[in-house]
Amino acid sequence: MTRISVTVDGVAYDDDVEPRLLLVHYLREQLGKVGTVVGCDTSNCGACTVLVDGKSVKSCSVLAVQADETKVTTIEGLSTDGDLHPVQRAFHENHALQCGYCTPGMIMATVDLLAENSDPSVEEIKDGIEGNLCRCTGYQNIIKAVQAAAGSSSASSDSASAPSLTTAGGAQ
Ligand code: FES
Ligand code: FES
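Overview of the structure. Each chain has its residues counted from 1, running along the sequence as written. Each chain takes a letter, starting from A, and each ligand takes a number, starting from 1, following the order in which they are written. Only residues with pLDDT of at least 70 get local features here, since the model is predicted, and only at 80 or more are side-chain atom pairs given and counted; chain-wide, interface and lining totals rely on the full set of residues. Note: side-chain values were computed over all heavy atoms of the structure, leaving out hydrogens and water.

Describing the overall build of the protein chain
Where we set the bar: A run of DSSP states H or I qualifies as a helix once it reaches four residues; a run of E qualifies as a strand once it reaches two. Both are numbered from the N-terminal end. The rule is simple: take the accessible area with a 1.4 Å probe, protein chains only, and divide by the maximum for that residue type; under 20% is buried, over 50% is exposed, in between is partly exposed. Contacts are assigned to residue pairs that have any heavy atoms within 4.5 Å of one another. Surface accessibility follows the Shrake-Rupley procedure with a 1.4 Å probe radius. Residue values consider only the protein chains on display as shielding.
Helix and strand content of the protein chain: five helices and five strands. Across the 172 residues in the protein chain, those meeting the buried criterion constitute 45%. Of the contacts made within the protein chain by residues no fewer than 6 positions apart, 65% connect residues no fewer than 24 positions apart. In the form shown here, the protein chain has an accessible surface area of approximately 8,300 Å², with 46% of it arising from carbon and sulfur atoms.

In structure tokens:
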């Protein structure tokens, strides 16, 4: 076992974890953060995307021990005092989901995208969410939601970097 200290959705945790434990399994099984979902076993779908020090990361592709001394934000940590985050609201208002399985990861990837580029073009949006697969929507309403969120003044997040971790990008 390895001791890690990690802040998840604003709460500090000190936990002993197996060195091989994936971050997604630590979040879901040890912390009960089941809003972060697993959609594949090939690191392809992006459903498990969270923010690690503000950067989107596929939590199935990094180990929990790699999150030691970081701040992790999951979909469950985005809203404040019961108010949806602007990106969550934009997805809701633009009907940017059907089954919703991709949505937590899609929203987290969008938060990172808009933190880096507050006014992305359609092509930049496509590039920004290319690591996240949606099997239902055809993406049009997702792109509309990202554009709507970009128009909202507070669609930003902690943007500190975690350069040693794998990001949620990648060709699909
Ligand atoms: Fe599919 Fe992580 S569960 S990329
Ligand atoms: Fe079903 Fe995206 S809404 S996978």
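Focus: the packing of helix H2 (residues 86-93) against helix H3 (residues 103-116)
What counts is decided by this rule: Every axis corresponds to a line fitted to the C-alpha atoms, with the helix fit spanning only the stretch in contact, and the corresponding angles, defined between N-to-C directions, vary from 0 to 180 degrees. An angle below 35 degrees is read as roughly parallel, one above 145 as roughly antiparallel, one from 65 to 115 as roughly perpendicular, and any other as oblique. Put simply, a crossing is left-handed when the front helix is turned counterclockwise from the back one by less than a right angle, and right-handed when it is turned clockwise. Each residue gets one label: Ala, Val, Leu, Ile, Met, Phe, Trp, Tyr, Cys and Pro are nonpolar, Asp, Glu, Lys and Arg are charged, and the others, such as Gly, are polar.
Two elements in contact, H2 and H3, have axes separated by 9 Å at closest approach and are oriented at 125°. One element, H2, and the other, H3, form an angle in the oblique class. In this structure, H2 meets H3 at a crossing whose hand is right-handed. Contacts from Val87, Gln88 and Phe91 in H2 reach Thr103, Met106, Ile107, Thr110, Val111 and Leu114 in H3. Looking at the contact of H2 with H3 residue by residue, the class counts come to six nonpolar, three polar and no charged.

Description of a negative patch on the surface
Rules: Candidate patch residues must exceed 30% relative accessible area and have no salt bridge, after which like charges are joined if within 9 Å and Val, Leu, Ile, Met, Phe, Trp or Tyr side chains if within 5 Å. What makes a salt bridge here is a side-chain nitrogen of Lys or Arg within 4 Å of a carboxyl oxygen of Asp or Glu, nothing more. None of His or the chain ends enter the tally, which takes Lys and Arg as positive and Asp and Glu as negative. Charge positions are represented by NZ for Lys, CZ for Arg, CG for Asp and CD for Glu.
Taken together, Asp119, Glu124, Asp127 and Glu130 make up a surface patch of like negative charges. Here Glu124 shows up in helix H4 (residues 122-128).

Remarks on helix H1 (residues 23-30)
What counts, and what does not: It is the directions from the helix axis to the C-beta atoms that the arc portrays.
Looking at H1, one finds that the buried residues are Leu23, Val24, Tyr26 and Leu27. Seen from one end, H1 has its buried residues packed into an arc of 165°, which puts them on one side. On its buried side, H1 packs onto strand S1 (2-8), strand S2 (11-17), strand S3 (49-52) and strand S5 (71-73). Two residues or fewer after H1 comes Gly32, characterised by a positive phi angle close to 75°.

Comments concerning the sheet that holds S1
Basically, it comes down to this: Following DSSP output, two strands are said to pair if at least two bridges run between them.
In space, the five strands of this open sheet follow the order S2-S1-S5-S3-S4, with mixed pairing throughout. Only two strands of the sheet have a single neighbouring strand rather than two, namely S2 and strand S4 (55-58). Strand-to-strand twist across the sheet, computed as the mean angle between neighbouring axes with direction ignored, equals 40°. One ladder, built from seven bridges, connects S1 with S2; its direction is antiparallel. The residue bridging Ile4 from the neighbouring strand is Asp15, located in S2. Contacting S1, S2, S3 and S5, H1 runs over the sheet at an angle of about 110° to S2. Across the sheet, H3 lies against S3, S4 and S5, angled at about 40° from S3, the strand it touches most.

Section: the packing of H3 against helix H5 (residues 140-150)
Look at H3 against H5: their axes get within 11 Å of each other, and the N-to-C directions meet at 40°. It follows that H3 is oblique to H5 by the angle criterion. The handedness of the crossing between H3 and H5 is right-handed. Between H3, through Met106, Thr110, Leu113 and Leu114, and H5, the contact on the second element is made entirely by Ile142, Val146, Ala149 and Ala150. A breakdown of the residues in the contact of H3 with H5 according to their chemical character gives seven nonpolar, one polar and no charged.

Digging into H2
Taken together, the buried positions of H2 are Pro86, Val87, Gln88, Ala90 and Phe91. Its buried side turned inward, H2 meets H3 and H5. A positive phi of about 50° marks His95, the residue just after H2.

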